[in-house]
Amino acid sequence: MVQAKVVDENTQVFENVVCPFCATLCDDITVQVKDNKVSKVNGCNLCKGVFLHAHEDWTKPMIDGKEVTYDLAVEEAAQLLARANNPLIYGLAATDVDAQKKCVELADLIGANLDNASSV
Amino acid sequence: MVALQLGGAPAATLGEVKNRADLIIFWGSNPAESHPRHFTRYSGTAKGRMNPNGRKDRHVVVVDIRKTPSVKYSDEFIQIKPGNDYEVFTVMRMIANGHIPDTDMVGGIPLQTLIDLVERCKKARMGVLFFGQGITETKGKHQNSTAIYQFGKDMTKHSKFLTLPMRGHYNVVGSGNVMCWQTGYPFAVNFGKGYPRFNPGEFSVVDLLLRREPDVAVIVAAEPIDHLPYAAAKHLENIPTIVLDPRKTLTTKIAKVIIPVKHAGVSVEGTAYRMDHIPIKMQAVLESPWPKDDIPLSTIINRIKKIRSEEKKTDGGKAA
Ligand code: SF4
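Residues numbered from 1 in each chain as written. Chains lettered and ligands numbered in written order. Predicted model: local features only at pLDDT ≥ 70, side-chain atom pairs only at ≥ 80, totals over all residues. Heavy atoms only, no water.

(A) Main features of the interface of chain B and chain A. Chain B puts 98 residues into the contact, and the matching count from chain A is 86 residues. The contact between chain B and chain A buries some 8,300 Å² in all, and 65% of this surface belongs to carbon and sulfur atoms. If you sort the residues of chain B by the area they bury against chain A, B:Tyr170, B:Phe191 and B:Val285 come out on top, with a joint share of 9%. A:Asp96 is the salt-bridge partner of B:Lys292, the closest N and O atoms lying 2.8 Å from each other. For the pair chain B and chain A, the interface holds 46 residue pairs in polar contact (both at pLDDT 80 or more). Top contributing element to the side of chain B that touches chain A by residue count: helix H15 (residues 294-319) of chain B, with 12 residues. (Contact = heavy atoms within 4.5 Å. Buried area = accessible area lost by both parts, 1.4 Å probe. Salt bridge = Lys/Arg side-chain N within 4 Å of Asp/Glu carboxyl O. Polar contact = N/O pair within 3.5 Å; in protein donor to acceptor, adjacent residues only side chain to side chain. Helix = DSSP H or I, 4+ residues; strand = E, 2+ residues; numbered from the N terminus.)

(B) How the structure looks around the domain arrangement of chain B. All names here are of chain B. When the domains of chain B are assigned, the result is domain 1 (2-165) and domain 2 (174-319). Contact residues are listed per partner, giving 10 residues for domain 1 and eight residues for domain 2. The junction of domain 1 with domain 2 conceals about 630 Å² of combined surface from both sides, 65% of it contributed by carbon and sulfur atoms. One can count zero salt bridges joining domain 1 with domain 2. Between the two partners, domain 1 and domain 2, sit two residue pairs in polar contact (both at pLDDT 80 or more). Within the residue set of the side of domain 1 that touches domain 2, elements represented by two or more residues are helix H1 (2-7), helix H2 (14-20) and helix H4 (38-43). (Domains from an automatic or database assignment.)

(C) Layout of the sheet that holds strand S7 (residues 160-165) of chain B. All names here are of chain B. The five strands lie next to each other as S3-S2-S1-S6-S7, forming an open sheet whose pairing is parallel. Of all strands in the sheet, those bounded by a partner on one side alone are strand S3 (76-79) and S7. Across the sheet, the axes of successive neighbouring strands diverge by a mean angle of 15°, strand direction being ignored. Here strand S1 (residues 23-27) pairs with strand S2 (residues 59-64) via five bridges, running parallel. Note on S2: the bridge partner recorded for Leu23 is His59. Running over the sheet, helix H6 (residues 111-123) touches S1, S2, S3 and S7 and is turned about 130° from S1. (Pairing = 2+ DSSP bridges. Axes fitted to C-alpha atoms, helices over the stretch in contact; angles between N-to-C directions.)

(D) The sheet that holds strand S3 (residues 29-34) of chain A, seen in detail. Residues and elements named next belong to chain A. In spatial order, the strands read S1-S2-S3-S4; together these four strands make up an open sheet with antiparallel pairing. Where the open sheet ends on each side, the last strands, each with one partner, are strand S1 (5-8) and strand S4 (37-41). Put simply, the sheet's adjacent strands are angled 30° from each other on average, direction ignored. As defined by bridge partners, S1 adjoins strand S2 (residues 11-17) across three bridges and the pair is classed as antiparallel. The residue bridging Lys5 from the neighbouring strand is Val13, located in S2. On the sheet, helix H1 (residues 45-52) packs against S2, S3 and S4 and is oriented at approximately 160° with respect to S4.

(E) A look at helix H9 (residues 172-183) of chain B. Over its 12 residues, H9(B) runs 16 Å from end to end, which matches the ideal 16 Å to within 8%, given 1.5 Å per residue. B:Val172, B:Val173, B:Gly174, B:Ser175, B:Gly176, B:Val178, B:Met179 and B:Thr183 are the residues of H9(B) that are buried. Turning to H9(B), the residues buried within the fold contact helix H3 (97-110) and strand S8 (113-116) of chain A together with strand S8 (189-190) and strand S13 (270-273) of chain B. At the C-terminal side of H9(B), B:Gly184 shows a positive phi close to 95°. (Expected span 1.5 Å × (residues − 1). Buried < 20%, exposed > 50% of the residue type's maximum accessible area, 1.4 Å probe, protein only.)

(F) Region of interest: the side chain of B:Asn190. Turning to its location among the elements, B:Asn190 is positioned in strand S8. Given a relative accessible area of 5%, B:Asn190 falls into the buried group. For B:Asn190, the side chain forms a polar contact with the side chain of A:Asn113, separated by 2.7 Å. In contact with B:Asn190, not counting residues within four places along its chain, are A:Asn86, A:Ala112, A:Asn113, B:Tyr195, B:Pro196, B:Arg197 and B:Phe203.

(G) Representation of the domain arrangement of chain A in the model. When cut into domains, chain A gives domain 1 (4-52) and domain 2 (62-119). For domain 1 of chain A versus domain 2 of chain A, the separation of C-alpha centres amounts to 30 Å.

(H) Looking closely at the site of the ligand. Close to the ligand lie A:Cys19, A:Phe21, A:Cys22, A:Leu25, A:Cys26, A:Cys44, A:Leu46, A:Cys47, B:Pro36 and B:Arg37, which account for all nearby residues. The site occupied by the ligand is bordered by residues of chains A and B. Split into classes, the residues belonging to the shell around the ligand amount to nine nonpolar, no polar and one charged. (Near = heavy atom within 4 Å. Nonpolar A, V, L, I, M, F, W, Y, C, P; charged D, E, K, R; others polar.)

Here it is as structure tokens:
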């Protein structure tokens with residue numbers, strides 16, 4: 001974990017941050033965070049797009065458009081997948097390797113198709 | 001990816017590109033818009049050990065179907081007719097191997113331009129051809145990349161020469177690497193028989209969805225509703241789709257179940273693979289109340305195991 005410089009009570013500055021947008025993965029970004037929102041970032045426009053909007057539009061656990069508890073959403077997912085005949089697991093390109101590995105484990109357990117953006 | 005399996009290719013890190021390459025070709029790739037800092041950090045203006053003057057020490061060529069914003073950063077722009085990449089690379093291979101075809105133009109490019117380009121590639125201290133989606137997503141698809149890798153192989157007889165894909169999403173390389181390491185195959189894998197089978201065209205996402213085969217989908221950190229062809233993505237609306245994503249997307253809009261997760265590289269640490277296959281540790285700068293995505297995935301895995309063992313027990317009871 002990078003050590004954040006504390007500017008004041010609510011503001012921290014992180015240096016040498018990695019930009020999780022394109023596969024250039026620039027590792028020299030400076031990010032200023034105020035009240036858990038990115039207030040300043042010095043990467044390219046795409047990088048700014050990621051960090052400056054990162055606090056917006058967070059998801060909530062939902063089933064059929066209704067907010068539910070986290071446990072219920074996970075349980076519903078497990079029930080659906082336990083009964084699936086030919087499930088598909090897709091994505092993986094915008095998360096880290098631990099999650100990717102878990103996707104493989106899940107696919108193996110339920111006999112799923114597993115694909116990522118390389119095939120598109 | 002398929003092209004790579006067919007031909008293989010020499011590799012190098014972006015650091016080596018920065019330090020050594022004196023010829024850079026962007027083919028069907030528009031880094032000024034898709035990878036804006038690639039040029040300044042590695043392939044264009046960056047100063048390196050053998051490129052002490054940065055940009056002045058490199059010759060940069062852009063080959064594309066239109067004058068993209070990247071062209072103004074190049075020394076040379078070659079305009080190619082759409083869908084002619086395979087043909088052009090085939091002719092470049094002919095030229096490289098001493099056969100000059102009897103024609104003036106190939107794929108909208110004057111033959112002499114290609115002869116000069118091949119000559120430049122042969123003479124380079126280190127040449128790097130970065131190719132983008134302009135190649136892999138047009139007519140010919142992986143055959144185009146195969147032709148590129150073969151051209152690269154021909155060039156290695158004369159100079160250090162690399163052909164590297166400009167990968168898009170920040171950890172698409174990681175997804176291929178993890179799948180290879182775990183299943184033996186980089187994508188389009190099916191576990192239906194209890195062991196991994198690989199068959200692009202059969203188990204690849206667009207083909208599966210077009211044939212409307214999946215009955216449940218799990219989407220992890222991706223936006224298929226936006227990125228896949230409409231006819232394929234539409235099937236996701238007709239089946240229960242489970243989405244794990246930190247933020248609302250067009251795909252969460254059609255989801256039956258949404259599971260919020262931390263945002264890798266923003267609200268949680270994690271490892272991702274750069275386009276040159278170098279693993280990079282990402283940091284967290286924000287706090288999020290949700291768990292990292294591998295945690296709900298683990299819970300789902302354990303829960304399914306439990307549901308199955310309970311089912312077995314009740315079945316067993318009935319049989320007795
Ligand atoms: S800063 Fe720009 S070039 Fe670098 S990884 Fe982020 S999006 Fe890509």
